[in-house]
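# A structural walkthrough
The residues making up each chain are set out below.
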Amino acid sequence: PKSPISEAYRSLRTSLMYSENNKKNSNVILISSSEPGEGKTTTIVNLAITYANLGKKTILIDTDLRKPVTHKVFSVKRDPGISKYLSGLEDDYRKLVNKTEVNNLSIITCGVVPPNPSEILASGRMEKLINELRDEYDIILMDSPPLLAVTDSFVTMRYIDQFILVVRSGSTEKGALTRSLAQLELTNSPLTGAVLNAVDESTSYGGNYYYNYYQYYHDEDQT
């Protein structure tokens, strides 16, 4: 909890809390990336934990209905999940909510992978679910597929307040990032900002200084 990495996620949380897009009592945040393997799930899971640690009633929804992984992160069963609700097989979303070992943090897993993810994510049941969750939770986080792979993320952006794009240092292709930004602008999506992931402290500007100062500060605090 006192590592520079943990503090980076707290900094991200603070930036989102003070963003101009954070205008409602509840806050729906979607996180995605241009391509697979850029760290979107790692980012959203850790962000969810930081919100929960702040005392915010937080729920994380796995809306990646093609290659879901959050159930593995929290070691819970994938089914039943959100696909069961969106398909009309379950009307009470509370039966899909899983508690985690983190206080104030719950998750809704993907469930059975459906044959028509984009269509059910665009359904009225998805909108109804988000509206009901707004009444019960302070923070609603959604993990979604990469932007350039499928249209699912753009479909779910109609329900959100903020969107974070994860970019992986040394991995994300410039052309892919350019196409993602162009599509976001075309769809008038609420882009709050970007997270630059996997930066090497030894090569980033000021990286070593920040790391050393941070360690020194906490070492002093312990004495």
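Rules behind the numbers
- Residues numbered from 1 in each chain as written.
- Predicted model: local features only at pLDDT ≥ 70, side-chain atom pairs only at ≥ 80, totals over all residues.
- Heavy atoms only, no water.
- Axes fitted to C-alpha atoms, helices over the stretch in contact; angles between N-to-C directions.
- Helix = DSSP H or I, 4+ residues; strand = E, 2+ residues; numbered from the N terminus.
- Parallel < 35°, antiparallel > 145°, perpendicular 65-115°, else oblique.
- Contact = heavy atoms within 4.5 Å.
- Nonpolar A, V, L, I, M, F, W, Y, C, P; charged D, E, K, R; others polar.
- Phe/Tyr/Trp six-rings, centres within 6.5 Å; stacked < 30°, edge-to-face > 60°.
- Lys NZ or Arg CZ within 6 Å of the ring centre and 35° of its normal.
- Pairing = 2+ DSSP bridges.
- Buried < 20%, exposed > 50% of the residue type's maximum accessible area, 1.4 Å probe, protein only.

Time to look at the packing of helix α1 (residues 4-17) against helix α2 (residues 40-53). In contact at an axis separation of 9 Å, α1 and α2 are set at 75 degrees when each is read in the N-to-C sense. Compared by their axis directions, α1 and α2 come out roughly perpendicular. Contacts between α1 and α2 involve Tyr9, Arg10, Leu12, Arg13, Leu16 and Met17 on the former and, on the latter, Thr42, Thr43, Asn46, Leu47, Thr50 and Tyr51. Grouping the amino acids of the contact of α1 with α2 by side-chain chemistry returns six nonpolar, four polar and two charged.

A word on the packing of aromatic side chains. Each pair of aromatic rings is reported with the distance of its centres and the angle of its planes. According to the stated counting rule, one finds zero aromatic pairs in the structure shown. Here arginine 125 stacks its cationic end above the ring of tyrosine 85, 4.5 Å away from the centre of that ring.

Strands sit in the order β3-β4-β2-β5-β1-β6-β7 across an open sheet of seven strands; the sheet is mixed. Both outer strands of the open sheet, β3 (97-99) and β7 (191-197), are each paired with one neighbouring strand and no more. Within the sheet, the average angular offset between the axes of one strand and its neighbour, ignoring direction, is 25 degrees. With five bridges joining them, strand β1 (residues 27-33) and strand β5 (residues 139-143) adopt parallel strand pairing. Directly across from asparagine 27, in β5, lies its bridge partner isoleucine 139. Most of the contacts of helix α8 (residues 174-186) go to strand β6 (residues 162-168), to which it runs at about 170 degrees, and overall it touches β6 and β7.

Summarising burial for β1: seven of the seven residues are buried, a large majority. The side-chain alternation of β1 yields two buried faces, one formed by Asn27, Ile29, Ile31 and Ser33 and the other by Val28, Leu30 and Ser32. Taken together, the five bridges between β1 and β6 define a ladder with parallel strand orientation. Bridge pairing links serine 32 to leucine 165 in β6.

The quantities given are spatial measurements derived from coordinates; they are silent on function.
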